[in-house]
Amino acid sequence: DVNVGRLMASLESLRLENDTVVVFSSDHGPAVASTVGVRQDVKGEIRFSGESPFLMGYAGGLRGGKFNFFDGGLRVPFIVRW
C-alpha cells in the first residue's frame, strides 16, 4: 500500500523510526456485497456457497466472511513493527 510506504518514509525522515511502534490491523473478514450466493439453513444460520464472488474483499481462501464463525469471518490481520 502506497500510504503505508509514505508513513514509514515520514517516520524515517523525522528520524523517529527507531522510537516508534507501528501497528497495522484490520477489521475481521470481508463483508457480503449481495445476498446472491448467501442463504439461511434450516436452523437460520447464514451459509455461503463456496468461494462467493459476492464478498467485498478477500478472505485468503478461507470460508466465510463477516457475520459468521468460519475462519474467513474471524481471523484478523495484525502486524507490529518495533
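This structure is a prediction, so every number in the text was calculated from the model and none was measured. (Residues numbered from 1 in each chain as written. Predicted model: local features only at pLDDT ≥ 70, side-chain atom pairs only at ≥ 80, totals over all residues. Heavy atoms only, no water.)

**Q** Please explain the overall build of the protein chain as it appears in this structure.
**A** Counting secondary structure elements, the protein chain contains two helices and six strands. Each helix and strand of the protein chain, placed in order from N terminus to C terminus, yields the pattern α-β-β-β-β-β-α-β. Burial status across the protein chain gives 20% buried among its 82 residues. Counting contacts in the protein chain only where the partners sit at least 6 residues apart, residues at least 24 apart contribute 44% of the total. Entry remark: accessible area of the protein chain is about 6,400 Å², with carbon and sulfur atoms responsible for 58%. (Helix = DSSP H or I, 4+ residues; strand = E, 2+ residues; numbered from the N terminus. Buried < 20%, exposed > 50% of the residue type's maximum accessible area, 1.4 Å probe, protein only. Contact = heavy atoms within 4.5 Å. Areas by Shrake-Rupley, 256 points an atom, 1.4 Å probe, with all protein chains shown as cover.)

**Q** What is the right way to look at a nonpolar patch on the surface in this model?
**A** On the surface, V21, V23, F78, V80 and W82 cluster together into a nonpolar patch covering about 620 Å² of accessible area. Note that V80 resides in strand β6 (residues 78-81). (Patch = residues over 30% accessible without salt bridge, like charges linked within 9 Å, V, L, I, M, F, W, Y side chains within 5 Å. Salt bridge = Lys/Arg side-chain N within 4 Å of Asp/Glu carboxyl O.)

**Q** I keep staring at the environment of V4 and nothing clicks. Help me out?
**A** Within the fold, V4 resides in helix α1 (residues 2-13). A residue is classified by how much of its surface remains accessible, and V4, at 29% relative accessible area, is partly exposed. V4 sits 20 residues away from F24 along the chain, and the two C-alpha atoms are 9.3 Å apart.

**Q** Is there a simple way to explain the pattern of salt bridges in this structure?
**A** Any two side chains of opposite charge can pair if their charged atoms end up close together. Here the structure, examined in full by the defined rule, presents one salt bridge. Residues R75 and D71 are paired through a salt bridge, measuring 3.3 Å at the closest nitrogen-oxygen approach. Judged by relative accessible area, which is 51%, R75 ranks as exposed. The exposure class assigned to D71 is partly exposed, which follows from its relative accessible area of 38%.

**Q** What is the right way to read α1 from this model?
**A** For α1, built from 12 residues, the straight-helix expectation of 16 Å at 1.5 Å per residue is met to within 8% by its first-to-last C-alpha distance of 16 Å. A positive phi of about 60 degrees marks R15, the residue just after α1. (Expected span 1.5 Å × (residues − 1).)

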